Amino acid sequence: MTALLGTALAAGPAVAEVKEVGPGEGQVDIVAWPGYIERGETDKAYDWVTGFEKETGCKVNVKTAGTSDEMVALMNEGGFDLVTASGDASLRLVAGKRVQEINTSLVPSWSTVDERLQNAPWHTVGGKHYGVPYQWGPNVLMYNTNTFKEAPKSWSVVFEEQTLADGKSNKGRIQAYDGAIYIADAALYLMSKKPELGIKDPYELNEDQYKAALDLLRQQHGLIQRYWHDATVQTDDFKNEGVIASGSWPYQVNLLQADKKPIGSTIPAEGATGWADTTMMHSEAAHPNCAYKWLEHSLQPKLQGDLAAWFGSNPAVPAACKGNALLTDEGCKTNGFENFDKIRFWKTPVSKCASQGTCVPYYRWVTDYIAVIGGR
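Remember, it's a predicted structure, so these values are computed and weren't measured experimentally.

Enquirer: Got a minute to help me understand the state of the cysteines in this structure?
Expert: Here is the idea: a disulfide is a covalent bond, and it sits between the sulfur atoms of two cysteines. The final tally for this structure, using the stated rule, is three disulfides. Bridging C353 to C359, the disulfide has an S-S length of 1.9 Å. Disulfide C353-C359: torsion about the S-S bond near 75°, hence right-handed. A residue is classified by how much of its surface remains accessible, and C353, at 11% relative accessible area, is buried. Note on C359: relative accessible area 4%, which makes it buried. By sequence-ordered numbering of the bonded cysteines, the protein has its disulfides arranged as 1-2, 3-4, 5-6.

Structure below.
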C-alpha cells in the first residue's frame, strides 16, 4: 500500500461531489472512538445525540473502535457513513478511496474551525478536504497518585525498569497501547534519551532508528501487565489490577477521577504524541444527507465544548472554549489548548519521508509490533 500511497493520494477517491443537502434518510451510521458520540446513557449531562435525532429525524447508530487499525478495517468492510479518524488512519482511508471529499460549502460552520486544523495535512490532500475536524489532544502519562506523590517527569517510568517511591519495581504494573502507532511513543522518548540517533520525527524512522525503538519496546515488554486498547478495561485495571502508570487518553483520566480514584496525568519532559481527529465520510455512504447534517451538528460550540469536557480533549472550534457550563472558561487551558505545537500528532508512517531519504513504512510497524507484543 505504501508504495502506492503518493499516487493514490494525488488521484483521490473518484466520487461525485454532493451539491446540496436534501432530506435525511432516517439514520446515520458512525464508527467512533469510545466517548465521542454520547447520548446521555453514561451521564445524562452529556448528550449531543438526542437533540440531533429529534431535529433531523436521523437516528444515530454508533460502532466504537479502540484503534485506528480497527477503524480502517471497519471502513474497508463498509456499511458506515462516517468515521472519527485519527491522523494515523485518515490518509490511509483517502489512499484506499474509502472516504470522499467533503463539500465544505455544505457545512455552514466550517468557517468557525480552528485555523490550525482547517488545512491540516492529515485530512487535506491536493487542496481538497476529506473530513471535518472534530477534537484533538495528547496521549498523556496517567499515573496512580498514591504511588507517585509528584507527577513523573519522564516517560522512563513506562519504558525502563526502576524502583518507585513505594519501594517496589514498576515491573508488572505498567501498560502500553495495543496499536502499532505506539512505536512512535518509543521513538519520541529516544529523541531525548539517545539524541545521537538523530530522530527528527517519531513517525519518520530510518532502519537504525527503527531498530532502536523496537529494542526499547522489547525491553518494555517485560514490564507490561497488559497492552490496552479498550478504555474501559484500562480503567478497570487501574482500579483493580495494581496498574500504576501508562500512556492513556484524557478520557480515562476523567472517568477515574470522577470515580474518586487516586489518578493524575501529565505530559512528561520529552513531550507527547497525540491525535487530531477528523470526521470523514465513506465514499459509498448510504445516508449522505444525514451524514452532512451530522457534520454541521458536530461543529456546534455546545457539542464541541461538552465533548471536550467529557473526553478531556480540545475543541476543533475555538468558540467552544467560552461559555460552556460543563467545560468552564478554564477548561481549554486545562486540557492543553495552548500546547498544540508541543504535540507530535499521529500520522501514517510512509517510506518516502520528509525528514530523511527513506523511512520504515507502516506495514512493517504493524508486523513488528505484533511480534513485540507476542514477546518475539
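Enquirer: Please clarify how helix α11 (residues 288-298) should be interpreted in this entry.
Expert: An α-helical turn contains 3.6 residues, so a residue and the one three or four places further along point in the same direction. Of all eleven residues in α11, nine are buried, a share of seventy percent or more. Where α11 is concerned, the buried positions are N289, C290, A291, Y292, W294, L295, E296, H297 and S298.

Enquirer: What is the right way to look at the pairing of strand β2 (residues 59-64) in this model?
Expert: Residues in a regular strand point their side chains to alternate faces of the sheet. Where strand β1 (residues 27-32) meets β2, six bridges bridge the pair, whose relative direction is parallel. Opposite Q27, over in β2, you have K59 as the bridge partner. For the segment spanning β1, helix α2 (residues 50-56) and β2, crossover handedness is right-handed.

Enquirer: For this particular structure, what's the right way to read the sheet that holds strand β11 (residues 263-266)?
Expert: What holds strands together in a sheet is hydrogen bonding between their backbones, with the strands either parallel or antiparallel. With mixed pairing, the five strands of this open sheet are ordered in space as β9-β8-β10-β7-β11. Unpaired on one side and paired on the other, β9 (224-228) and β11 mark the two borders of the sheet. Here the average twist between neighbouring strands, direction ignored, is 25°. Summarising the sheet, strand β7 (residues 140-144) and β11 pair through four bridges and their orientation is antiparallel. Pairing of M142 across the sheet is with S265, part of β11.

Enquirer: Please clarify how the nonpolar core should be interpreted in this entry.
Expert: Within soluble globular proteins, side chains that are nonpolar generally end up buried alongside one another. Counting residues in hydrophobic clusters, the biggest one holds 114 residues, and the most contacted among them are W249, W294 and W365. Broken down by element, this core gets its largest block of residues, eight residues, from helix α7 (residues 183-193). When near neighbours in sequence (up to four residues on either side) are disregarded, W294 contacts I30, I37, W48, V49, F52, V60, L82, Y134 and L303. Among the nonpolar cores identified, the runner-up in size contains seven residues, and V140, M142, F238 and V243 belong to it.

Scoring rules and cut-offs
- Residues numbered from 1 in each chain as written.
- Predicted model: local features only at pLDDT ≥ 70, side-chain atom pairs only at ≥ 80, totals over all residues.
- Heavy atoms only, no water.
- Disulfide = S-S within 2.5 Å.
- Buried < 20%, exposed > 50% of the residue type's maximum accessible area, 1.4 Å probe, protein only.
- Helix = DSSP H or I, 4+ residues; strand = E, 2+ residues; numbered from the N terminus.
- Pairing = 2+ DSSP bridges.
- Right-handed = clockwise from strand over helix to strand, strands pointing away.
- Axes fitted to C-alpha atoms, helices over the stretch in contact; angles between N-to-C directions.
- Core = buried A, V, L, I, M, F, W, Y, C linked by side-chain atoms within 4.5 Å.
- Contact = heavy atoms within 4.5 Å.

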